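Next come the chains, spelled out residue by residue.
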Amino acid sequence: MRKDVVVLGAGIVGVSIAVHLQKRGRSVLLVDRRKPGEETSFGNAGLIQREGVYPYGFPHDFGALLRYALNNTIDAHYHWAAIPKLAPFLWQYWMHSRPAQHKAIARMYAPLIERSVTEHMALAEESGSTHLIRPTGWMKVFRDEKSRDEQFKDAEEVKRDFGVNFDALDTRAVAEREPHLKVETKGGIHWTDPASVSDPHMLTMGYVGLFERLGGELASGDARTLEETPTGWRIQTEKGPVDADTVVIALGAWADVVTTKLGYDLPLAVKRGYHMHYKPEGNAVLNRPTLDFDRGYFLAPMSKGVRLTTGAEFANRDAPKTPVQLQRAEPIARDFFPLGERVDPEPWMGMRPCTPDMMPIIGPAPKHKNLWFGFGHAHHGLTLGPVTGRLLAEMITGETPVVDPKPYRAERF
């Protein structure tokens, strides 16, 4: 078999890249070891974060650092055994998260974020998946007046600098929008521009269906078998060896499996995360995804139930599951919203692929011809899948890119 392009990785990013290339007349094979959307894209808070121009940084206030050092929080957890390996990444991450650097990164990151909802809606309409995307925004609620006031100030800055809309809510307004919350909050922020997704896996599969209707093909294969040939690239798949002119690496947290073999030393790390679904008790309804800000967990209404998601776990990618953050969060979440019985037999775990400057790596591989990168989206894989797909497809086919790709190039490391 020969294809114009092989895309390695069938998460939301890889699927979106494959769709956009196939739409532009390329013959594309999408390769993964598993079925599409079953790794990191399967488990997230279901947000298309139009407001997320500031990627998630490393905290710089002493109180937060002390809390994390104690290793008993919901929003962060770490494995002691992983720290020596992670230390260089964490140091760079901390440096990039300093206020001036973080603000500069937000300016470079914003062009992608600004197009997140519109690019999703374009693919959703073409794929017949618009029913999965809801214009609900999402809400951040506070138990503490100090954190509320600080977040209000930050939200005003985001609105002023990037034109993102929000409603500042008092206690009554929070209760009106989410009447089944069991606690009396100190107020909240309702980001109104983002969208929420009722089933991220089904949305990914909707885009896969569009890809196949356009003539794209899927195959199971091991990305580690990728090799350069005199005429391009070759990979071994269930359908036999496949030759291609061009290859795109969109392997998320597993990108280094291929890039390291090819001679790249990119500063990639993984933030692991967990989720569990619950049936709501009685007639309780959660109208939109909601963050219990001062406790550090997230509740999102999904087709399967209310999904409880945790923050970041810093650990070796392939270490056994340690869902202690879910165990810490569940009793607090039950006091916050009437959660009933668990729906899932066990907690789900996923891997967020991260770079120390919090921006994805998108563009050509510096050392190889016709090799392209599209990974490192951290917490915003679902958010940025379609716009990444469009940007890379435009670069590969020689079109004028929808945004300037320079800030995301691999050479910055």
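Read on for an overview of the structure. What you see is a predicted model, and the numbers here were worked out from it, not measured in a lab.

Parameters and conventions
Position labels on residues start from 1 in each chain and follow its written sequence. The predicted nature of this model means local features are confined to residues of pLDDT at least 70 and side-chain atom pairs, given and counted, to a pLDDT of 80 or more, with totals for whole chains, interfaces and linings taken over all residues. Heavy atoms from the whole structure form the basis of all side-chain values; hydrogens and water molecules are not counted. The secondary structure listing takes helices from DSSP runs of H or I that are at least 4 residues long and strands from runs of E that are at least 2 residues long, numbered from the N terminus. In this setup the radius of gyration rests on C-alpha atoms only. A globule is expected at 2.2 Å times the number of residues raised to 0.38. Buried, partly exposed and exposed residues are distinguished by accessible area as a fraction of the type maximum, computed with a 1.4 Å probe on protein chains only: under 20%, between the cut-offs, and over 50%, respectively. Note on definitions: a residue-residue contact is assigned when non-hydrogen atoms from the two residues lie within 4.5 Å. Only the protein chains shown count as covering a residue, and every accessible area follows the Shrake-Rupley method with a 1.4 Å probe. Between the first and last residue of a helix there are one fewer steps than residues, each counted as 1.5 Å, and that sum is the expected span. Neither His nor the chain ends is counted toward charge; the positive residues are Lys and Arg and the negative residues Asp and Glu. Only one rule defines a salt bridge in this text: a Lys or Arg side-chain nitrogen within 4 Å of an Asp or Glu carboxyl oxygen. Helix axes are fitted only over the stretch in contact, all axes being lines through C-alpha atoms; the angle between N-to-C directions runs from 0 to 180 degrees. What makes a crossing left-handed is the near helix being turned counterclockwise from the far one by less than a right angle; a clockwise turn instead makes it right-handed. Strands pair, by our definition, only if DSSP identifies at least two bridges between them. Contacts described as polar in this section are N or O atom pairs within 3.5 Å, which, within protein, must combine one atom able to donate a hydrogen with one able to accept it, while residues neighboring in sequence count only if both atoms come from side chains.

Right, let's get into the overall build of the chain. Within the chain one finds 11 helices and 22 strands. At 21 Å, the chain has a C-alpha radius of gyration in line with the 22 Å of a compact globule built from 413 residues. With 413 residues in all, the chain has 58% of them scored as buried. Here the analysis covers contacts within the chain between residues at least 6 apart in sequence; of these, 77% occur between residues at least 24 apart. Of the roughly 17000 Å² of accessible surface on the chain, 53% is carried by carbon and sulfur atoms.

This part covers helix H1 (residues 12-23). For H1, spanning 12 residues, the distance from its first C-alpha to its last is 16 Å, which sits close to the expected 16 Å at 1.5 Å a residue. Counting buried positions over the 12 residues of H1 gives 11, a clear majority of the element. Among the residues making up H1, those that are buried are Ile-12, Val-13, Gly-14, Val-15, Ser-16, Ile-17, Ala-18, Val-19, His-20, Leu-21 and Gln-22. Two residues or fewer after H1 comes Gly-25, characterised by a positive phi angle close to 90°.

Note on placement: Arg-50 falls in the loop between strand S3 (47-48) and helix H2 (62-70). Look at Arg-50: it is buried, it has no salt bridge, and the nearest opposite charge is Glu-114 at 4.9 Å. If we ignore the near neighbours within four places in the chain, the residues touching Arg-50 are Ile-113, Glu-114, Ser-116, Val-117, Phe-162, Gly-163, Val-164, Asp-193 and Pro-194.

Two elements in contact, helix H5 (residues 116-127) and helix H8 (residues 200-213), have axes separated by 9 Å at closest approach and are oriented at 65°. In terms of crossing hand, the pair formed by H5 and H8 is left-handed. On H8, the residues that touch His-120, Leu-123, Ala-124, Glu-126 and Ser-127 of H5 are Leu-203, Gly-206, Tyr-207, Leu-210 and Arg-213.

Another aspect to go through is the sheet that holds strand S5 (residues 133-134). Backbone hydrogen bonds hold the strands of a sheet together, and the pairing may be parallel or antiparallel. Across the sheet, 3 strands lie side by side as S3-S9-S5; this open sheet has antiparallel pairing. Every other strand in the sheet has two partners, leaving S3 and S5 as the edge strands with one partner each. In the sheet, S5 pairs with strand S9 (residues 195-197) via 2 bridges, with the strands oriented antiparallel. Residue pairing in the sheet places Ile-133 in a bridge with Val-197 of S9.

Moving on, we get to the side chain of Lys-140. Following the sequence through the fold, Lys-140 ends up in strand S6 (residues 138-141). It is Glu-51 that comes nearest to the buried, bridge-free Lys-140 among opposite-charge side chains, at 6.8 Å. Within the local environment of Lys-140, its side chain forms a polar contact with the side chain of Gln-151, the two groups lying 2.8 Å apart. The residues contacting Lys-140, other than those within four sequence positions of it, are Gln-151, Gly-187, Gly-188, Ile-189, Trp-191, Leu-291 and Phe-293.

Moving on, we get to the pattern of salt bridges. Counted by the stated rule, this structure contains 30 salt bridges. For Glu-38, the salt bridge goes to Arg-34, with nearest N and O atoms at 3.5 Å. Accessibility expressed as a relative area gives 24% for Glu-38, which makes it partly exposed. Of the charged contacts, one joins Asp-222 and Arg-224 as a salt bridge, the two residues approaching to 2.8 Å between their closest N and O atoms.

Treat this as a map of the structure, not an account of what it does.
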